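Spelled out from the first residue to the last, the chains are:
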Amino acid sequence: MSETALIIDGGYLILFQAAALSFVLGALLPLAFRKDKNASVASFAPAALGSVLTIALAASLAISGATLEVPLPFAAAAPEIEFQFYIDGMSAFFMLIIGLVTLAVSIYSIGYSSEYYGKRSIKALGLLFNLFVLSMILVTASDNVFSFLVFWEAMSLASFFLVIYEHENESNIKSGMTYIVMTYLGTAFILGAFLALYFQTGSLSFDSFRSSEPPMPAYIRDIVFVLALVGFGTKAGLVPLHLWLPQAHPSAPSNVSALMSAVMIKMAIYGLVRVTLDFTSPSSPDSAWWGMLMVVAGSASALIGVLYAAIEKDIKRALAFSSIENIGIVILGLGLSVIFLSFDLKALAAVALLASTYHSLNHAAFKSLLFMGAGSVLFGTHTKNMEKLGGLAKKMPWTAFFFLIGAISISALPPLNGFVSEWLTMQALLSSYQVPNVILQISISFASIAFALTAGIALATFVKMFGISFLSRPRSEAAVHAKEVPKTMIAGMGVAAAMCIAFGIMPFLAAGMIASSFGLDPQFSDAMSPFSSLSVLYSAGGIESISSMSMPAVAIMMGSVAAAVVGFAVVAGSRKTARRIYSTWDCGFGELNERMEYTAASLSQPIRTVFRILYKPRMAVTKENYSDSNPYIKKSMRVESETKDVFEDRLYSPVVGATIAFFDKIRMIQTGKVNAYLLYVMVTLALLLLLARLIS
Amino acid sequence: MAEALTIAVGIAQTSAIVALAPLLTGVMRKVKARTQKRVGASVLQPYYDLAKLMKKDEVVSDQSSWVFRSAPWVVMVAMITAALFVPAFLPFSPFGTVGDILVVLGLFGLARFFTMLVGLDVASTFGGLGASREMMISSLTEPALFLTIFVVSLSLGGTNLSSLVGAAAQYAGFAEAPSMLFALIAFFIVLLAETGRLPFDNPATHLELTMVHEAMVLEYSGKSLAMVQWSQSIKQLLLFALLVNLFIPAGIPASLDSGWSVAAGAAGFVAKVVLLAMLVAYVETRAAKWRLFRVPDLLAMAIASSMIGVIFFYL
């Protein structure tokens, strides 16, 4: 946001070009190899290199607060296109997310793609993967509507083809179709927002939107905001526009799911931040309703996303629903920031924006980790149904360990990264008393109930996901014979896990960088030094106090307490105590087996009952008797329960059904007779002539 | 130097919490026994139990993984670290700028996360049953607790526990801040839920109809069981301390200058906590375990109560 010196430094420029070139290389190089294994290395190794370069570029731009302008060679030839790249702090931050996740995922993909050797084209996977990442990088670097939309579409198309990569599976084609239709719907709204801006400024460049003279009238800004929220909200998976997300993410190969969930939906957040805070920055209380709309949509997404994640049996679908939840939290923070900005509470707006962007970064780290973990489970067992897993902690210790780190992080537990952004979001919610509007104050406290409920259910969801998949007895042959995944996959997960830990116990790394890249209040720049704490100043009713938290110190204290506890246990239990391995207590019946342990469905049953209004659970019991005359002796009994997506059922199905019915009716005029069509032409012409006459 | 002294006093406070927590459990059992016209075991019984368990051999399920073995340690570490941030008989914790009330709740969450995993790890139906019930109760307790903190933080300023307790000591009671009264009601309900008391959970039984917490940790024995039980007592004392210091702050010493005021503060704290413990134990003898699906109603009441507190604050 803040204007800083424009730097056209040769070093940055070369980094940018080298990064882009690596991805192009990664896309084209595998085409030259015949063997799948070589093709996989040839596409993912350049991708990893490209992401390292991207990280270097983005991190140095974000930390220094510098901006990079990249003119294109043919720019002089066609000045009217204004096709150039411009990377400021905001772009650099999101570019960093792309780089960090891509690094982990590229390493992981080298091993993961062996799943497809001989079955699918690795060349196509490598090509699309690299194009997908490159288009996302260029989306963040775009500085005008034209290039933004071109790369936005490239991103959508590449990901669409990746979603239907395993196209022999019919459900994947269906989810691909839902995805592409919803994406175009979203793009239409985004285009609408940009067109409204274009009509106002007469230029397609982002610069002109940013510094529009005279300032845009309020109604234009309102229109732009609503169109952008719907458009980018569709891509982000904001409820009720989320329909495509839980279908598309699980359909794609797991390495791509990781990218889509951790990075692609962040591009929508980037667009939303760019439009709301950069182009139409809220500055008067009149725009507070934007923030409230985002708070409502965000908390609704968070709650509904996590509620559906809680009852899901498919591990990847559950993760996809959890992305809806997390994007809700990000948008909640962004909305609070807009509310605070509208009332000119700059310091609080900085806290809320930090919460929102920090959560984006964290979500990128832990969600890519969890999707890679789910991919490893799929790789090892060939199933993503939690009911068929179990006991994997012993068979796949590394995967289990890293998945546990991801689960702790996403459940927002100290000392890992999810907790830091959740803490900041809570502080932003608690600071809402400073907003001078009682209606807003009370509404925000309602939003905070939804937020806290989300946090509680998220914990339960990930206990279930980790516990059912990795602990207790294996529930199927597939899980019994699971094996640990190849080293590159473990390494990929390790990179993401390291990010979860680093952003957790060293928040100054990320907080300082976000502060400088978004030009936030300098109170966060102090956070660059280790041991300093994140803090928020309170002043209410004559009481002033500082709420603060220092994760490095918390981590150190936990470490010292752990040392003390171990020391105490050694001293107090001085006599050597033995440990005997014996079977689980079975109430004396003997022979506990895997059919007696809790399943994913039974574990979440209480939650399903409490929130039945959203799930509409249906239970069907089918009984088979030995003889028709005697209903008391049963041969078999089967209970099936299913839950529904209320939004799909109540919102989308009627609309889709009505649309199809409408077009069925319209087909009546399509008779196939030429004379009828000629009549239509004549009638249309006559009506147009009449209209022209009336107007003139 | 003064800094080092404060830290030393703070660590002493934490050690006292850790050391006295089982005593509180003993007192509550005694009160319960007396109200039921039983003699009951000595109030020191929890210590004897812990000492005995520490020396016993362990039986570990062959189905369990490293999660089962590490969980008691994680839970214990989380609870003691939380104890470092909670002011008990002093008006402050020296680590107030390191961790606030949200960190304390986060650490409780960490402990709960591992306890629920343990329930699933041993592959018995009991464990799953406990984890499943805990999932529902804890996910509903969370909003009630956060909203209570919302009210407290609005009324007293911020989330820093030391300054919250300091501010609480200065205000003149519920007449001045009626929203706090509603928060107190909510916090009391949450406290019953979080410490696994009736009507949510019955800490004394091992019956599949009533177990929640006990079901999850059923497979523990020996040293691990001792640690799980001790951690549970520490959590209980911490929640009692929070309630007492935030809502009934009378008698908290203003500073550390005079030894007498500190001693009086400590005595007052112990008296208040014991009174509260007796109240909770008495409530337990009067209440029956509720059906699991009635529990959300009670928690909804807590949420509603603190929501009224929020509205009271703003109007």
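Residue numbers restart at each chain and count upward from 1, following the sequence in its written direction. Written order decides the labels, with chains lettered from A and ligands numbered from 1. Under the rules for a predicted model, residues below a pLDDT of 70 receive no local features and side-chain atom pairs below 80 are neither given nor counted, while totals for whole chains, interfaces and linings still include all residues. Only heavy atoms go into the side-chain values, all of them from the structure, while hydrogens and water stay out.

To be explicit about the condition: UniProt positions are given in the numbering used here, feature names are shortened, and annotations may be inferred rather than shown by experiment.
Chain B is annotated in an unreviewed UniProt entry as Formate hydrogenlyase subunit 4 of Candidatus Nitrososphaera evergladensis SR1. Per UniProt, chain B carries the Subcellular location (unreviewed entry) text "Membrane".

**A closer look at the overall build of chain B**
Cut-off, in case you're wondering: Secondary structure follows DSSP: runs of H or I at least 4 residues long count as helices, runs of E at least 2 residues long count as strands, and numbering of each begins at the N terminus. To sort residues, take the accessible area from a 1.4 Å probe on protein chains only and compare it with the maximum for the residue type: under 20% means buried, over 50% means exposed, and anything in between is partly exposed. Calculation of accessible area relied on Shrake-Rupley with a 1.4 Å probe; when residues are assessed, cover is drawn exclusively from the protein chains displayed. Charged residues are defined here as Lys and Arg on the positive side and Asp and Glu on the negative side; His and the ends of the chain fall outside this count. Positions of charges follow a simple convention, taking NZ of Lys, CZ of Arg, CG of Asp or CD of Glu.
Each helix and strand in chain B was counted, giving eleven helices and one strand. Order of helices (α) and strands (β) in chain B, N terminus to C terminus: α-α-β-α-α-α-α-α-α-α-α-α. C-alpha extents for chain B along the principal axes are approximately 55 × 45 × 40 Å. In chain B, which comprises 315 residues, the proportion classed as buried is 63%. With an accessible surface of roughly 10900 Å², chain B has 68% of that area assigned to carbon and sulfur atoms. Taking the average location of the 20 positive side-chain charges in chain B and that of its 18 negative ones, the two points are 11 Å from each other.

**Some points on the UniProt feature "transmembrane region" (unreviewed entry) in chain B**
Residue and element names in this part refer to chain B. Residues annotated by UniProt as "transmembrane region" (unreviewed entry) correspond here to residues 6–28, 73–95, 101–123, 144–165, 171–193, 237–256, 262–283 and 295–314. Annotation note: span residues 101–123, helix share 91%, strand share 0%, distance between end C-alpha atoms 35 Å. Each end of residues 262–283 is marked by a C-alpha atom, and these two atoms are 31 Å apart; helix forms 100% of the span and strand 0%.

**A short note on the packing of helix α4 (residues 122–141) of chain A against helix α10 (residues 254–279) of chain A**
Residues and elements named next belong to chain A. To keep it simple, the criterion reads: Lines fitted to C-alpha atoms define the axes, with helix axes restricted to the stretch in contact, and inter-axis angles between N-to-C directions lie between 0 and 180 degrees. Roughly parallel means an angle under 35 degrees; roughly antiparallel means over 145; roughly perpendicular covers 65 to 115; every other angle is labelled oblique. Note: crossing handedness is left-handed where the near helix turns anticlockwise from the far helix by less than a right angle, and right-handed where it turns clockwise. Whether two residues are in contact is decided by their heavy atoms: any pair within 4.5 Å suffices. When residues are grouped by polarity, Ala, Val, Leu, Ile, Met, Phe, Trp, Tyr, Cys and Pro land in nonpolar, Asp, Glu, Lys and Arg in charged, and all others, Gly among them, in polar.
For the pair α4 and α10, the least separation of the axes is 11 Å and the interaxial angle reads 15°. By the criterion of interaxial angle, the relationship of α4 to α10 is roughly parallel. Crossing hand, α4 versus α10: left-handed. Two secondary-structure elements touch here, α4 through F129, F132, V133, M136, V139 and T140 and α10 through N255, L259, M260, V263, M264, M267 and Y270. Of the residues that constitute the contact of α4 with α10, the class distribution is eleven nonpolar, two polar and no charged.

**Regarding the environment of A:A32**
Residues and elements named next belong to chain A. Secondary-structure assignment places A32 in the loop between α1 (10–28) and α2 (36–64). What makes A32 exposed here is its relative accessible area of 65%. With ten residues separating them along the chain, A32 and A42 place their C-alpha atoms 9.0 Å apart.

**Notes on unusual backbone geometry**
The step from A:V239 to A:P240 runs through a cis peptide bond, and the omega angle for that step is 5°. Along the polypeptide, A:P240 turns up in the loop between α8 (218–236) and α9 (245–251). Backbone torsion omega between B:L198 and B:P199 reads 5°, so that peptide bond is classified as cis. Looking at the secondary structure, you find B:P199 in the loop between α7 (178–194) and α8 (213–216). Of note in this structure, B:K37 is not a glycine but carries a positive phi near 60°.

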